[in-house]
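# Remarks on the overall topology
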Amino acid sequence: MVVDDHPMWRDGVARDLTEAGYEVTAAVGEGAQALRVVAAARPDVVVLDLQLPDLSGVEVIRGLVGAVPQVRILMLSASGEQQDVLDAVKAGATGYLIKSAGRAEFLDAVRRTAEGEAVFTAGLAGLVLGEYRRLAASPADKPLLTARETEVLRLVAKGLSYRQVAERLVVSHRTVQNHVQNTLGKLQLHNRTALVRYALENGLD
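On a predicted model such as this, the values are computed, not experimentally measured, just so you know.

## Quick word on the environment of Val89
Examined against the element boundaries, Val89 turns out to sit in helix H4 (residues 82–91). Considered as a pair, Val89 and Leu200 are 111 residues apart in the sequence and their alpha carbons are 9.1 Å apart. With residues up to four places along the chain from it excluded, the contact list for Val89 reads Phe120, Arg197 and Leu200.

Right, dumping it as structure tokens:
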């Protein structure tokens with residue numbers, strides 16, 4: 001589903017997605033409209049503009065996640081301001097891409113978002129991680145992760161795919177998957193998005 005109040009941009013994004021083989025179940029221009037149709041549209045991924053005329057991006061994110069908990073939200077915004085990125089991630093966005101991204105980068109971001117990866121325009125992940133590190137509470141009561149689990153989590157939070165993490169650490173793809181599953185279990189989280197959010201909130205950069 002595409003949510004953007006600029007018709008030419010919205011139509012262009014929907015067209016790019018369709019040409020790439022995705023089914024666009026809805027394309028709307030307002031946040032309230034998105035919240036009305038999302039339950040029927042049942043999208044796997046929502047490409048959402050941050051600045052909408054009626055509701056804030058944060059309100060729309062929370063509403064979308066509330067209506068379809070498994071939905072993954074990729075912000076596509078003209079704003080690269082740290083607070084905007086931070087607010088979107090805290091509300092439940094899976095990733096954040098600046099509108100200056102090229103078509104190939106955008107389609108790759110959609111694919112990775114659909115697979116559950118956290119995708120950020122280069123540099124934004126570092127901003128978010130840095131802010132969360134500054135705000136992070138004492139780690140005294142947090143579950144103890146091994147050094148390798150922490151290392152894998154840190155790379156996943158930066159937006160690397162499991163394959164990229166495996167190449168970086170010179171281990172197998174299966175080993176990375178096992179580390180992620182072990183970490184999810186220890187932290188009592190349910191998916192990769194929640195894992196990334198944990199990493200951000202606890203300053204694991």
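## Looking at unusual backbone geometry
For Arg42, which is not a glycine, the phi torsion comes out positive at approximately 50 degrees. Here Arg42 is to be found in the loop between helix H2 (31–41) and strand S3 (45–48). One non-glycine residue, Val170, lies in the positive phi region at around 55 degrees. Its place among the elements puts Val170 in the loop between helix H8 (162–169) and helix H9 (173–187). Judged by its relative accessible area of 72%, Val170 is exposed.

Definitions and limits used
Residues numbered from 1 in each chain as written. Predicted model: local features only at pLDDT ≥ 70, side-chain atom pairs only at ≥ 80, totals over all residues. Heavy atoms only, no water. Helix = DSSP H or I, 4+ residues; strand = E, 2+ residues; numbered from the N terminus. Contact = heavy atoms within 4.5 Å. Buried < 20%, exposed > 50% of the residue type's maximum accessible area, 1.4 Å probe, protein only.

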